[in-house]
Amino acid sequence: MIAALAEAIHFYKTEKEPSIKILSKYLQTNDREALEETYREIALKVVPEKPYPTLPVIQTILNELGIKNPKAKASKPEGLSTPAL
């Protein structure tokens, strides 16, 4: 799943015309100006280059894992090795 997400982000950010075509299909519009603005705002400003998890996301995962593994529940997300966000 993570590999697919990374590939999708890469495709979305590097393949503008096919991405706009996909946006057109799912947004059900052919308004080029609206599609260009959507692409610009989402692909270039909102979608991160690399989908690193945030500390709250890591904490949620630890909480779920903690149901079966007390060590996970006791772990702190700050103590895990993550890239600088």
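Let us look at the structure shown here. Everything quoted here is computed from the prediction, not taken from an experiment.

## Topic: the nonpolar core
The tendency in soluble globular proteins is for nonpolar side chains to be buried side by side. Listed in full, the 8 residues of the largest apolar core are Ile9, Tyr12, Ile20, Leu23, Leu35, Tyr39, Ala43 and Val47. Secondary structure elements with two or more residues in this core: α1 (2-14), α2 (16-27) and α3 (32-46). Element by element, the count of residues in this core is highest for α3, at 3 residues. Not counting residues up to four positions away in its chain, the partners in contact with Tyr39 are Tyr12, Lys13, Thr14, Lys16, Ser19, Ile20, Leu23 and Leu44.

## A few points about the packing of aromatic side chains
Under the criterion given, the structure shown has 1 aromatic pair. Ring centres of Tyr12 and Tyr39 lie 5.5 Å apart, and the angle between their planes is 75 degrees; this geometry places the pair in the edge-to-face category. One end of the pair, Tyr12, is in helix α1; the other, Tyr39, is in helix α3, with 27 residues separating them in the sequence. An identical accessibility class is assigned to Tyr12 and Tyr39; each is buried.

## Regarding the environment of Asp31
Along the chain, Asp31 turns up in the loop between α2 and α3. Here the side chain of Asp31 touches Glu33 through a polar contact of 3.1 Å, landing on its backbone nitrogen.

## Considering the pattern of salt bridges
Summed over the entire model, instances satisfying the criterion amount to 5 salt bridges. Of the charged contacts, one joins Glu36 and Arg32 as a salt bridge, the two residues approaching to 2.8 Å between their closest N and O atoms. Remark: Arg32 and Glu36 occur in helix α3; sequence separation between them is 4 residues, near one turn of the helix. Accessibility expressed as a relative area gives 36% for Arg32, which makes it partly exposed. Through salt bridges with shared partners, one network takes in Lys16, Glu17, Arg32 and Glu36.

## Considering the packing of α1 against α3
One can describe the packing of α1 onto α3 by two numbers: an axis separation of 9 Å at closest approach and a directional angle of 135 degrees. Here α3 runs oblique to α1, going by the angle between their axes. Note that α1 runs across α3; the crossing there is left-handed. On α3, the residues touching Tyr12, Lys13 and Thr14 of α1 are Thr38, Tyr39, Ile42, Ala43 and Leu44. By residue class, the composition of the contact of α1 with α3 is 5 nonpolar, 2 polar and 1 charged.

## Topic: a nonpolar patch on the surface
Taken together, the side chains of Phe11, Ile22 and Tyr26 present a nonpolar region at the surface, about 330 Å² in accessible area. By the element assignment, Tyr26 lies in helix α2. Here Tyr26 falls in the exposed class, since its relative accessible area comes to 62%.

Reading the values: the criteria
- Residues numbered from 1 in each chain as written.
- Predicted model: local features only at pLDDT ≥ 70, side-chain atom pairs only at ≥ 80, totals over all residues.
- Heavy atoms only, no water.
- Core = buried A, V, L, I, M, F, W, Y, C linked by side-chain atoms within 4.5 Å.
- Buried < 20%, exposed > 50% of the residue type's maximum accessible area, 1.4 Å probe, protein only.
- Helix = DSSP H or I, 4+ residues; strand = E, 2+ residues; numbered from the N terminus.
- Contact = heavy atoms within 4.5 Å.
- Phe/Tyr/Trp six-rings, centres within 6.5 Å; stacked < 30°, edge-to-face > 60°.
- Polar contact = N/O pair within 3.5 Å; in protein donor to acceptor, adjacent residues only side chain to side chain.
- Salt bridge = Lys/Arg side-chain N within 4 Å of Asp/Glu carboxyl O.
- Axes fitted to C-alpha atoms, helices over the stretch in contact; angles between N-to-C directions.
- Parallel < 35°, antiparallel > 145°, perpendicular 65-115°, else oblique.
- Left-handed = near helix turned anticlockwise from the far one by under 90°.
- Nonpolar A, V, L, I, M, F, W, Y, C, P; charged D, E, K, R; others polar.
- Patch = residues over 30% accessible without salt bridge, like charges linked within 9 Å, V, L, I, M, F, W, Y side chains within 5 Å.
- Areas by Shrake-Rupley, 256 points an atom, 1.4 Å probe, with all protein chains shown as cover.

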